[in-house]
Amino acid sequence: MKIDVLTLFPELFESFFSTSIIGRAVDEDRVSLNAINFRDYSKNKHHKVDDYPYGGGQGMLLTPEPIFDAIADISKEIKPRIILLCPQGERFTQKKAEELSNEEHLVFICGHYEGFDERIREHLVTDELSIGDFVLTGGETAAQVMIDAVVRLLPGALSKASSHEDDSFSSGLLEFPQYTRPENFRGMKVPDILLSGNHGNIAKWRREQSLLRTLERRPDLLETAELNKQDQEILEQLKRSQD
Ligand SMILES: C[S@@+](CC[C@H](N)C(=O)[O-])C[C@H]1O[C@@H](n2cnc3c(N)ncnc32)[C@H](O)[C@@H]1O
């Protein structure tokens, strides 16, 4: 996979692209990550990339030309998925991360200042994505959130021991509680079942805990999660015990 980020602050991506699981995925050639300063595509002699909004109003907007030119330059081989980071966009989810992880080439456009010229949104991008209902100063941190969520899904990016299948949202449910050594920490004990060595019972307990956690914290997820007959029965029991 190739991921290009169009930004005015490529330096913000230096350590992000080279650290931990993302850095390892780059070293192992699972992904190629580039931060491109679209100011380099400005034809203005001062490399200006923003201007006042027509009709007046506060702040400056990113002009279309440098961003259109940068995209034309990097999209020569395959047509990329072009993602505009935008608080008005569709909410980014694990499902969207899974969808994007199947693409060959992603481009993220990081806005700054008051936003961007509407023609970028109308005629250039394939997706507008938001990380939540709040406003950041720029799209860089939002792009990092999405790249992190996508890259860890690439085959081989995570070691087998830390695979993502059980992660919250991957199965449609929240992940079950986890414990590590010591068995007894200041009187707080690991549940006996996890020490029993009975893998069938442990798997059953984990599924129940996932269902319980999702019911308590995110019941909305249960409407779309894939649940078998046994899950439904467990949920009914859990609901009854809550009444
Ligand atoms: C100050 S914001 C512009 C907000 C814009 N005036 C509005 O009200 O929709 C600057 C840039 O930060 C990025 N950004 C801000 N909040 C974001 C969010 N929740 N998700 C994704 N990107 C965001 C976008 O790229 C945006 O163009």
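Just so it is clear, the model here is predicted, and its values are computed rather than measured. (Residues numbered from 1 in each chain as written. Predicted model: local features only at pLDDT ≥ 70, side-chain atom pairs only at ≥ 80, totals over all residues. Heavy atoms only, no water.)

Next up on the list: the pattern of salt bridges. For side chains bearing opposite charge, pairing can occur when the charged atoms are close. For the structure on display, the rule yields 20 salt bridges. Here R207 ties to D231 by a salt bridge, and the two come within 2.8 Å at their closest N and O atoms. On the criterion of sequence distance, the pair formed by R207 in helix α7 (residues 199-217) and D231 in helix α8 (residues 229-242) is long-range, its members being 24 residues apart. Here D231 falls in the buried class, since its relative accessible area comes to 3%. For R218, the salt bridge is made with D220, and the minimal N-O distance between the two is 2.9 Å. (Salt bridge = Lys/Arg side-chain N within 4 Å of Asp/Glu carboxyl O. Helix = DSSP H or I, 4+ residues; strand = E, 2+ residues; numbered from the N terminus. Buried < 20%, exposed > 50% of the residue type's maximum accessible area, 1.4 Å probe, protein only.)

With that out of the way, let us pick up the packing of aromatic side chains. Summed over all chains, the structure comprises two aromatic pairs. Plain terms: the ring middles of F13 and F17 are 5.4 Å apart, the flat faces sit at 45° to each other, and that makes the pair tilted. Here F13 matches F17 in class, with each residue buried. With a centroid separation of 5.8 Å and 45° between ring planes, the pair formed by F16 and F17 is classed as tilted. For F16, a relative accessible area of 14% corresponds to the buried category. When its relative accessible area of 12% is taken as the criterion, F17 is described as buried. Taken together, the aromatic side chains of F13, F16 and F17 make up a single cluster linked through ring pairs. (Phe/Tyr/Trp six-rings, centres within 6.5 Å; stacked < 30°, edge-to-face > 60°.)

Next up on the list: the environment of D133. Along the polypeptide, D133 turns up in the loop between β8 (127-130) and α6 (140-151). Of the residues examined, D133 reaches a relative accessible area of 67% and is grouped as exposed. Expressed as a C-alpha distance, the spacing of D133 and R91, which sit 42 residues apart in the sequence, is 8.6 Å.

Let us now look at the side chain of T7. Tracing the backbone shows T7 in strand β1 (residues 2-7). One polar contact links T7 to E140, side chain to side chain, over a distance of 2.6 Å. Not counting residues up to four positions away in its chain, the partners in contact with T7 are F13, A35, I36, N37, F38, C110 and E140. (Polar contact = N/O pair within 3.5 Å; in protein donor to acceptor, adjacent residues only side chain to side chain. Contact = heavy atoms within 4.5 Å.)

Attention now moves to the domain arrangement of the protein chain. One frequent convention defines the size of an interface as the accessible area lost when the parts assemble. For the protein chain, the domain assignment lists domain 1 (2-151) and domain 2 (184-242). Computed from C-alpha coordinates alone, the two centres of domain 1 and domain 2 are separated by 39 Å. (Domains from an automatic or database assignment.)

As a further point, take the nonpolar core. If you look at the biggest cluster of nonpolar residues, it comprises 28 residues, and the most contacted ones within it are I3, V5, F108, I147 and V151. Elements that contribute at least two residues to this core include exactly β1, α1 (14-18), α2 (20-27), β5 (81-91), α4 (94-100), β6 (105-109) and α6. Considering every element that reaches this core, the biggest residue donor is α6, with seven residues. Ignoring anything within four residues of it in the chain, the contact list for F108 reads I3, D4, V5, L6, I83, L85, A143, M146 and I147. (Core = buried A, V, L, I, M, F, W, Y, C linked by side-chain atoms within 4.5 Å.)

Right, let's get into the site of the ligand. Near the ligand lie 21 residues; those nearest to it are L85, G111, E114, F134 and L136. Side-chain polar atom of Q88 to an oxygen atom of the ligand: 3.0 Å apart, as the coordinates give it. Separating a nitrogen atom of the ligand from a backbone N or O atom of E114 is a distance of 2.7 Å. Breaking the shell around the ligand down by element, the ones donating at least two residues are β5, β7 (115-116) and β8. In terms of residues, the shell around the ligand owes the most to one element, β5, which gives four residues. (Near = heavy atom within 4 Å.)

Turning next to the side chain of Q94. By the secondary structure assignment, Q94 is in helix α4. The buried category is assigned to Q94, whose relative accessible area is 17%. Excluding residues that lie within four positions of it along the chain, Q94 makes contacts with L153, F169 and S170.

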